[in-house]
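# Breakdown of the fold
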Amino acid sequence: MSFIYTSVKFAFALGMFLSGIMKLTDTLSAEVHRELVTQLDAFAVEPWGFLGLSGEDFRRSIGWTEVLGAVATLIPWQPMRTAAQLLLVVLLHAAWGTHMKVEDDKGLPALVFAGMGMLLLTGGKGKLAQPAPALATQPTAGAKKED
């Protein structure tokens, strides 16, 4: 389980880091950066217009949150790592909700990464519910035994 947990942690951090970098700069992919700028400028108006941020400020705040959260996910101090994972999971749920609200088909990556983040928050120790124990066949105290 340790290998799987570590692999998910690094994949989650790498994905969030790259996602944040693509929102901040066009170094990795100019085409993807342009699409993200257009998309996040629209999201800054609707549904997130109540924040009062310009499209650029909205995009930069999300990008820096993803980059710094990804870095903090990998540090060894547990309270900071947990806070970063929780912040990123909340951000990813907001991203998924935004994609559902505007009815585009780009929400699945946010949902997948949110699931990875929730796995990390549980420490990879989530267990399936155990079946209820069978009823005892022994008589209870005060019950009469039949011959």
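First, a word on scope: everything that follows refers to the structure included in this document. It should be emphasised that the depicted structure is a prediction, and the values quoted were computed from it without experimental measurement.

## Here we look at the overall build of the protein chain
A tally of regular secondary structure across the protein chain gives 5 helices and 0 strands. In the protein chain, the succession of α and β elements from N to C terminus is α-α-α-α-α. For the protein chain, the residues scored as buried account for 29% of the 147 residues in total. Accessible surface, the protein chain: about 9900 Å² in total, of which carbon and sulfur atoms supply 66%.

## Some remarks on a nonpolar patch on the surface
Judged by side-chain polarity, Leu-14, Phe-17, Leu-18, Leu-28 and Val-71 come together as a nonpolar surface patch covering roughly 420 Å² of accessible area. A per-element tally of the nonpolar patch places helix 1 (residues 2–24) first, with 3 residues. Along the chain, the position of Phe-17 falls in helix 1.

## A closer look at the side chain of Arg-59
Note on placement: Arg-59 falls in helix 3 (residues 55–73). The charged side chain of Arg-59 is buried without a salt bridge, its nearest counter-charge being Glu-56 at 4.6 Å. Aside from chain neighbours lying at most four places away, what touches Arg-59 is Lys-23, Leu-24, His-33, Val-37 and Leu-40.

## Re the nonpolar core
Counting residues in hydrophobic clusters, the biggest one holds 11 residues: Tyr-5, Val-8, Phe-12, Met-16, Ala-70, Leu-88, Leu-92, Ala-110, Ala-114, Met-116 and Leu-120. Setting aside chain neighbours within four positions, we find Leu-92 in contact with Phe-12, Met-16, Ala-110, Phe-113 and Ala-114. The next biggest cluster of nonpolar side chains, apart from the first, holds 5 residues, and it includes Leu-40, Phe-43, Ala-44 and Ile-62.

## Structural notes on the side chain of Gln-85
Within the element layout of this structure, Gln-85 appears in helix 4 (residues 78–101). Gln-85 gets classed as buried once you look at its relative accessible area, which sits at 1%. The contact partners of Gln-85, leaving out residues within four places of it in the chain, are Thr-73, Leu-120 and Leu-121.

## Comments concerning helix 3
The end-to-end C-alpha distance of helix 3 is 27 Å, a good match for the 27 Å that 19 residues give at a rise of 1.5 Å each. Every buried residue belonging to helix 3 is among Gly-55, Phe-58, Arg-59, Ile-62, Gly-63, Glu-66, Val-67, Gly-69, Ala-70, Ala-72 and Thr-73, and all of these are buried.

## Observations concerning the pattern of salt bridges
The tally for this structure, following the rule as stated, stands at 3 salt bridges. Between Glu-66 and Lys-23 there is a salt bridge; the shortest N-O distance is 3.2 Å. With Glu-66 in helix 3 and Lys-23 in helix 1, this residue pair connects regions lying 43 residues apart in the sequence. Lys-23 carries the same exposure label as Glu-66, and that label is buried. Residue Lys-106 pairs with Glu-35 through a salt bridge whose shortest N-O separation is 2.7 Å. Here the residue Lys-106 occupies a position in the loop between helix 4 and helix 5 (108–121), and Glu-35 occupies one in helix 2 (residues 30–45), the gap between them amounting to 71 residues. Under the relative-accessibility criterion, Lys-106 is labelled partly exposed at 36%. For Glu-35, a relative accessible area of 39% corresponds to the partly exposed category.

## Examining the environment of Glu-66
On the basis of relative accessible area, Glu-66 is assigned to the buried category, the value being 5%. Along the chain, Glu-66 and Ser-19 lie 47 residues apart, while their C-alpha atoms are 7.1 Å from each other. For Glu-66, the residues in contact, after removing those within four places along its chain, are Met-16, Phe-17, Ser-19, Gly-20, Lys-23, Leu-88 and Leu-91. A polar atom in the side chain of Glu-66 sits 3.2 Å from the side chain of Lys-23.

Cut-offs and rules
- Residues numbered from 1 in each chain as written.
- Predicted model: local features only at pLDDT ≥ 70, side-chain atom pairs only at ≥ 80, totals over all residues.
- Heavy atoms only, no water.
- Helix = DSSP H or I, 4+ residues; strand = E, 2+ residues; numbered from the N terminus.
- Buried < 20%, exposed > 50% of the residue type's maximum accessible area, 1.4 Å probe, protein only.
- Areas by Shrake-Rupley, 256 points an atom, 1.4 Å probe, with all protein chains shown as cover.
- Patch = residues over 30% accessible without salt bridge, like charges linked within 9 Å, V, L, I, M, F, W, Y side chains within 5 Å.
- Salt bridge = Lys/Arg side-chain N within 4 Å of Asp/Glu carboxyl O.
- Lys, Arg positive; Asp, Glu negative; His and termini not counted.
- Contact = heavy atoms within 4.5 Å.
- Core = buried A, V, L, I, M, F, W, Y, C linked by side-chain atoms within 4.5 Å.
- Expected span 1.5 Å × (residues − 1).
- Polar contact = N/O pair within 3.5 Å; in protein donor to acceptor, adjacent residues only side chain to side chain.

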